Amino acid sequence: MRLFSTDIDGTIYDGPESAGLFAKFWAEIRNGEAPPLLVYNTGRELEDARSLIAVTGLPEPDFLICGVGTVIFHSGDAATLENWREYLGQDWDYDIVWGTVLDHGKARPQPDECQNPHKCRWYWEDADTREIDDLVGRIEERGVRSQAIYSSNRDLDFLPVRANKGNAVAWLGTEVGVPTDEIVVAGDSGNDASMYEVDGVRGVLVSNAEPALIEAVRKVSPFQASLPCAAGVIEGLEHHLNRLDKDVGERRA
Ligand SMILES: [Mg+2]
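Residues numbered from 1 in each chain as written. Predicted model: local features only at pLDDT ≥ 70, side-chain atom pairs only at ≥ 80, totals over all residues.

Participant: Just to check I follow, could you spell out the overall build of the protein chain for this structure?
Facilitator: Along the protein chain, the regular secondary structure elements total nine helices and twelve strands. For 253 residues, the compact-globule estimate of 2.2 N^0.38 gives 18 Å, and the C-alpha radius of gyration of the protein chain, at 18 Å, lies within 12% of that figure. Along the longest, intermediate and shortest principal axes, the C-alpha atoms of the protein chain span 60 × 35 × 35 Å. Within the span of the protein chain, comprising 253 residues, buried residues form 43% of the whole. (Helix = DSSP H or I, 4+ residues; strand = E, 2+ residues; numbered from the N terminus. Rg over C-alpha atoms; globule rule 2.2 N^0.38 Å. Buried ≥ 20, exposed ≤ 12 C-beta atoms within 10 Å, placed from the backbone.)

Okay, here's the thing in structure tokens:
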């Protein structure tokens, strides 16, 4: 494993205990030979994610992918990787998405700190997937190609078609020279599905993963942990680390 891309909430963090557990485990990994890159891949925005990391004592990541794959930061200096934004900006117009969803009238906008130029985020409890698809169609009629990502039966994100957690980590892997089969991903909810769909990656599903995520990634058979949150992530990483060592050993033999 040369890169670990993990969601935060519900995956490595659901309170002080899980944060401490993951921090301790990652400190050991970091002290090992050739430590992998740690990437947090979250729906939160930068300031929100950074303050959570500071408050909880989660280990500092090497890269921070925020806003459901819409922004990638080099974590040490919080510099945005601008090439990714340029790539996302094609066929996208935030104001058209905003206006179309507002006109439709069923979703409520989330606060400004939850928005970014490539992520338009709404509240919509118990939304019907056909109604969401219909909205994506209306946006397209106005010349913007978007995708809708629905999580936790409440949060509805409209993103450029190329933006999602999976595409972001695949792009980052290319940037830093890590092939996808040396990337491990972990998550717990609907917006994590795209990470598992990156060709070649190895996945971990925590035991508290939403049924919708388990169903969505069934075909790529990720490792299903028996434990929740950080404990499940550690269980999955130990599984993949053993498998990866074995695979590399077989390739060398
Ligand atoms: Mg989550």
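Further notes follow.
Participant: When you look at the domain arrangement of the protein chain in this model, what are you seeing that I'm missing?
Facilitator: Much of the literature gives interface size as the accessible area that the parts lose upon coming together. By the assigned domains, the protein chain splits into domain 1 (3-87 + 163-252) and domain 2 (91-160). The C-alpha-based centres of domain 1 and domain 2 are spaced at 25 Å. At the junction of the two partners, domain 1 supplies 13 residues and domain 2 supplies twelve residues. Broken down by class, the residue content of the side of domain 1 that touches domain 2 amounts to three nonpolar, seven polar and three charged. (Domains from an automatic or database assignment. Contact = placed C-beta atoms within 7 Å. Nonpolar A, V, L, I, M, F, W, Y, C, P; charged D, E, K, R; others polar.)

Participant: What is the right way to look at helix H1 (residues 16-31) in this model?
Facilitator: Residues separated by three or four positions in an α-helix point in the same direction, a consequence of the helix having 3.6 residues per turn. Helix length check: H1, at 16 residues, gives a terminal C-alpha distance of 23 Å against a target of 22 Å (1.5 Å per residue), a fit within 8%. Every buried residue of H1 is accounted for by Ser-18, Ala-19, Phe-22 and Trp-26. For H1, the arc enclosing every buried residue in end-on projection is 95°, short of the 170-degree limit, so these residues lie on one face. Summarising the geometry of H1, the exposed residues directed more than 90 degrees from the buried face are Pro-16, Glu-17, Ala-27, Glu-28 and Asn-31. (Expected span 1.5 Å × (residues − 1). Arc of directions from axis to C-beta.)

Participant: Would you mind showing me how to read the environment of Arg-30 here?
Facilitator: As for its position among the elements, Arg-30 is in helix H1. With 12 C-beta atoms packed within 10 Å, Arg-30 lands in the exposed category. Separated by 29 residues in the primary sequence, Arg-30 and Pro-59 have C-alpha atoms spaced 10.0 Å apart.

Participant: Mind showing me how you'd approach helix H6 (residues 165-176) here?
Facilitator: Between its first and last C-alpha atoms H6 spans 16 Å; for twelve residues at 1.5 Å apiece the expected length is 16 Å, and the two agree. Gly-177 sits one or two positions beyond H6 and adopts a positive phi of about 75°.

Participant: What should I look at first to understand the packing of helix H4 (residues 94-104) against helix H5 (residues 129-141) in this one?
Facilitator: Each pair of packed helices gets described by two things: the angle between the helix axes and the distance between those axes. Where H4 contacts H5, the two axes come as close as 10 Å, and the packing angle between them is 130°. Regarding the angle of H4 to H5, the classification is oblique. With respect to the hand of their crossing, H4 and H5 are arranged in right-handed fashion. Along the contact surface, H4 presents Ile-96, Val-97, Thr-100, Val-101 and His-104, while H5 presents Leu-135, Arg-138 and Ile-139. Partitioning the contact of H4 with H5 into residue classes produces five nonpolar, two polar and one charged. (Axes fitted to C-alpha atoms, helices over the stretch in contact; angles between N-to-C directions. Parallel < 35°, antiparallel > 145°, perpendicular 65-115°, else oblique. Left-handed = near helix turned anticlockwise from the far one by under 90°.)

Participant: Where do I start with the sheet that holds strand S6 (residues 108-109) in this structure?
Facilitator: Backbone hydrogen bonds are what pair the strands of a sheet, in a parallel or an antiparallel way. The sheet built from four strands is open, its strands ordered S6-S7-S9-S8 with antiparallel pairing. Whereas interior strands pair on both sides, the edge strands pair on one side only; in this sheet they are S6 and strand S8 (146-151). H4 rests against strand S7 (120-123), S8 and strand S9 (155-160) of the sheet, and its axis sits at about 15° to S7. Along the sheet, H5 makes contact with S8 and S9, crossing S8 at roughly 155°. (Pairing = 2+ DSSP bridges.)

Participant: Explain the sheet that holds strand S2 (residues 37-41) here, please?
Facilitator: Taken in spatial order, the eight strands of this open sheet run S5-S4-S3-S2-S1-S10-S11-S12, and their pairing is mixed. Every other strand in the sheet has two partners, leaving strand S5 (79-80) and strand S12 (223-224) as the edge strands with one partner each. As paired strands, strand S11 (residues 202-205) and S12 are joined by two bridges and run parallel to one another. Across the sheet, residue Leu-205 finds its bridge partner in S12, namely Gln-224. Helix-sheet contacts for helix H2 (residues 46-56) involve S2, strand S3 (63-66) and strand S4 (71-74), and the interaxial angle to S3 is about 130°.

Participant: What's the story with the pairing of S3 in this structure? I'm lost.
Facilitator: Consecutive residues of a regular strand have side chains that alternate between opposite faces of the sheet. Across the two faces of S3 the burial is the same, with Phe-63 and Ile-65 and Leu-64 and Cys-66 all buried. Examined bridge by bridge, S2 and S3 share three bridges and lie parallel to one another. Along S3, the bridge assignment pairs Val-39 with Phe-63. Each parallel crossover has a hand, and the one from S2 via H2 to S3 is right-handed. In terms of strand pairing, S3 meets S4 through four bridges, oriented antiparallel. For Leu-64, the partnering residue across the bridge sits in S4 and is Phe-73. Remark: four residues form the turn of the hairpin made by S3 and S4, two consecutive strands paired antiparallel; Gly-67 in that turn has positive phi of roughly 60°. (Right-handed = clockwise from strand over helix to strand, strands pointing away.)

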